[in-house]
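Chains, contacts and geometry: an overview
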Amino acid sequence: MSNTEVQPVRISSAPVQLQALDPILGKVSAAVGDVPALLAIAEDIGQTAPTPGSGNTVKLWELLASVTSVDVAAGRVLEPHLDAVGILAQAEQPQPEGAWGVFAAEGPRLKLEAKQEADGSYVLSGSKPWCSLAAQLDGAVVTAHVAGDNTRGAFAVNLKHSGVKAETPEWTSRGLKEIPSGTVHFDHVPATAVGGAGWYFERPGFAWGGMGVAACWLGGAVAVARDFCDSLARASDNGREPDQIALASLGEVDRIIASVTGYLAQTAERIDAGDLAEPGEPGESPWPEALRVRGTVASAVERVQTLVTQNLGPGPLAFNEQYGKRMADLSLYVRQHHAMRDDAQLGALALKGDRRW
């Protein structure tokens, strides 16, 4: 839709600081649709990208948002790799080699079990759903049920092992079509425990990682908003001034993005200051805030998409490849948010007194 240069997404950094992202965004733009190239870019970025809670959380989120604003699928490639890097760093384990993912979903009639061997090592057996790009990744942080225990643990696993079989799903959606998510089967695959029993879900980084996904959603919404603004500007240049409805819609989009970026900036500061810590430690539990952030951003994305599609109509959806891809990718990506079910969790926490009002 837009022929303008790729631009970073600003959450709170000064514009001059964001210029450091320009070379990365140029590489991403040139690699759109080329998953191996995007994975190589993600691996390279992971060598130097900040991890959440390390003092530069907002810069991490600006990186994720900016890459996703170039191409939603590129953000969907980058985010899990950086999440895996962050998880291993939090567990004080070495940085992974190659491109990695994080597989933590559960599914009906599917179970992945981790069994401890006599020598203390672990092996994984069973099946894991929703494993994006498993056949193309080198490794992953995978959650599994620990045999003889009622907990789930996290494990680092080599996806190139002969006991790993990745299904190729029948991906009928236009959205994220280059990133299909299928079931992976593990047959006695060696794995390294990451943190102790229950650590993966109890660590504050679990909530922080969920907010990083929301930063990606924001990047997609900003790109859609830029498409809208560029379209109105081109129409104006051709003598068709936007009417009051178009201007009011653009104004609402501006308010939404300003509000969401302000919220993310504040939350990133709180994470780095230690205000969103583990339960039982000084500070607030991070999980309710993660629910608030994700719900707020998801609602903002959906509202921006509605406003833009109502104003631009069916034409660009039918005939503009970049715009149509972005809308389809973003619509599917934001459905990682559980909508009213997450709000129900948040409501239950608020009823118990876990609220700031």
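Above this text you will find the structure in question.
Quantities reported herein were computed from a predicted structural model and do not represent experimental measurements. (Residues numbered from 1 in each chain as written. Predicted model: local features only at pLDDT ≥ 70, side-chain atom pairs only at ≥ 80, totals over all residues. Heavy atoms only, no water.)

This part takes up the pattern of salt bridges. Throughout the structure, instances matching the rule amount to 11 salt bridges. Residue Glu106 pairs with Arg152 through a salt bridge whose shortest N-O separation is 2.9 Å. One end of the pair, Glu106, is in the loop between strand S1 (100-103) and strand S2 (112-116); the other, Arg152, is in strand S5 (residues 152-158), and 46 residues separate them in sequence. We classify Glu106 as partly exposed; its relative accessible area is 34%. Given the relative accessible area of 24%, Arg152 is considered partly exposed. Ionic pairing is found between Glu321 and Arg174, a salt bridge with its closest N-O pair at 3.1 Å. (Salt bridge = Lys/Arg side-chain N within 4 Å of Asp/Glu carboxyl O. Helix = DSSP H or I, 4+ residues; strand = E, 2+ residues; numbered from the N terminus. Buried < 20%, exposed > 50% of the residue type's maximum accessible area, 1.4 Å probe, protein only.)

Further remarks concern the pairing of strand S7 (residues 181-194). Sheet topology note: the strand S3 (residues 122-132)/S7 ladder contains eight bridges and is antiparallel. Paired with Lys128 across the two strands is Val184, which belongs to S7. In this sheet, S7 lies alongside S5 in antiparallel orientation, the contact comprising four bridges. Across the sheet, the residue bridging to Val157 is Ala191, located in S7. As paired elements, strand S6 (residues 164-166) and S7 share three bridges and run antiparallel to each other. Within the sheet, the bridge partner assigned to Val164 lies in S7 and is Phe186. (Pairing = 2+ DSSP bridges.)

On the surface, Glu43, Asp44, Glu97 and Asp138 cluster together into a negatively charged patch. Considering the arrangement of structural elements, one finds Glu43 in helix H3 (residues 35-46). Since its relative accessible area comes to 31%, Glu43 is described here as partly exposed. (Patch = residues over 30% accessible without salt bridge, like charges linked within 9 Å, V, L, I, M, F, W, Y side chains within 5 Å. Areas by Shrake-Rupley, 256 points an atom, 1.4 Å probe, with all protein chains shown as cover. Lys, Arg positive; Asp, Glu negative; His and termini not counted. Charge placed at Lys NZ, Arg CZ, Asp CG, Glu CD.)

Each regular strand shows side chains that alternate between the opposite faces of the sheet. Here S1 shows two buried faces, one formed by Trp100 and Val102 and the other by Gly101 and Phe103. When S1 meets strand S4 (residues 139-146), the two strands line up parallel, connected through four bridges. Bridge pairing links Phe103 to Val142 in S4.

A word on the nonpolar core. Counting 93 residues, the largest nonpolar core has Trp61, Leu124, Phe186 and Trp217 as the members making the most contacts within it. Per element, the largest residue contribution to this core is 15 residues, and it comes from helix H7 (residues 204-237). Ignoring anything within four residues of it in the chain, the contact list for Trp217 reads Arg294, Val297, Ala298, Val301, Leu330, Tyr333, Val334, Gln336 and His337. With 11 residues, the next largest nonpolar core counts Ile87, Ala154, Val194 and Tyr200 among its residues. (Core = buried A, V, L, I, M, F, W, Y, C linked by side-chain atoms within 4.5 Å. Contact = heavy atoms within 4.5 Å.)

Moving on, we get to unusual backbone geometry. In the Ramachandran plot, Trp130 falls in the positive-phi region, its phi being about 55° despite a non-glycine side chain. In this structure Trp130 comes out as exposed when scored by relative accessible area, which is 55%.

A few words now on the environment of Arg355. Locating Arg355 in the fold gives a position in the segment after helix H12 (340-351). As a C-alpha pair, Arg355 and Glu284 span 71 residues in sequence and 9.9 Å in three-dimensional space. Here Arg355 is in contact with Arg292 and Ala350, once residues within four sequence places are set aside. Polar side-chain contacts of Arg355 include one of 2.6 Å to the backbone oxygen of Ala350. (Polar contact = N/O pair within 3.5 Å; in protein donor to acceptor, adjacent residues only side chain to side chain.)

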